[in-house]
Amino acid sequence: MEAVLSREEACARFELPADRIGDLVVIAERNTVLGTTPARHDISGFTEPLRSHGGLSEQRVPFLVNAPVTGLPAGHRLRNFDAYWVGCAIAAGEPLPV
């Protein structure tokens, strides 16, 4: 395991919506999958779907633009999910929606 976080810790660290996060967030180390085989993990009784995303080792995603990015809130760090609104704002020649 690389990390085990409470809901509150995970939401603060990764900017996640608390109403969609379980009690714990478990993060595996690089090149590690949690669990064994599908046959040993019967999730048919779950009322909510499992959420699975890349680990911490996969967070760095290149974010390249061909125009200046201005209008960001102080201290904002561009992340991969910012690409859509940055691209739309640049294409429209408008300031970024903050």
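For the structure, see preceding data.
None of the values given here were measured: they were computed from a predicted structure. (Residues numbered from 1 in each chain as written. Predicted model: local features only at pLDDT ≥ 70, side-chain atom pairs only at ≥ 80, totals over all residues. Heavy atoms only, no water.)

1. Here's the deal with the nonpolar core
Across soluble globular proteins, nonpolar side chains have a tendency to be buried as a group. With nine residues, the main nonpolar core is built from Ala3, Leu5, Ala10, Cys11, Phe14, Ile21, Val25, Ile27 and Leu56. Elements with a contribution of two residues or more to this core: strand S1 (3-6), helix H1 (7-14) and strand S2 (24-27). If you tally residues by element for this core, the top one is H1, at three residues. Those residues in contact with cysteine 11 that lie beyond four places of it in its chain are Leu16, Pro17, Ala18 and Ile21. (Core = buried A, V, L, I, M, F, W, Y, C linked by side-chain atoms within 4.5 Å. Buried < 20%, exposed > 50% of the residue type's maximum accessible area, 1.4 Å probe, protein only. Helix = DSSP H or I, 4+ residues; strand = E, 2+ residues; numbered from the N terminus. Contact = heavy atoms within 4.5 Å.)

2. Some words on a nonpolar patch on the surface
Nonpolar side chains collect at one region of the surface, where Met1, Val4, Leu24, Val26 and Leu34 lie side by side and expose about 480 Å² of accessible area between them. If you trace the backbone, valine 4 turns up in strand S1. Here valine 4 falls in the partly exposed class, since its relative accessible area comes to 48%. (Patch = residues over 30% accessible without salt bridge, like charges linked within 9 Å, V, L, I, M, F, W, Y side chains within 5 Å. Areas by Shrake-Rupley, 256 points an atom, 1.4 Å probe, with all protein chains shown as cover. Salt bridge = Lys/Arg side-chain N within 4 Å of Asp/Glu carboxyl O.)

3. A word on the pairing of S2
Burial along S2 is one-sided: Val25 and Ile27 are buried, while Leu24 and Val26, pointing the other way, are not. Relative to S2, S1 is paired through four bridges, and the arrangement is antiparallel. In the sheet register, leucine 5 faces S2, and the bridge partner there is valine 25. (Pairing = 2+ DSSP bridges.)

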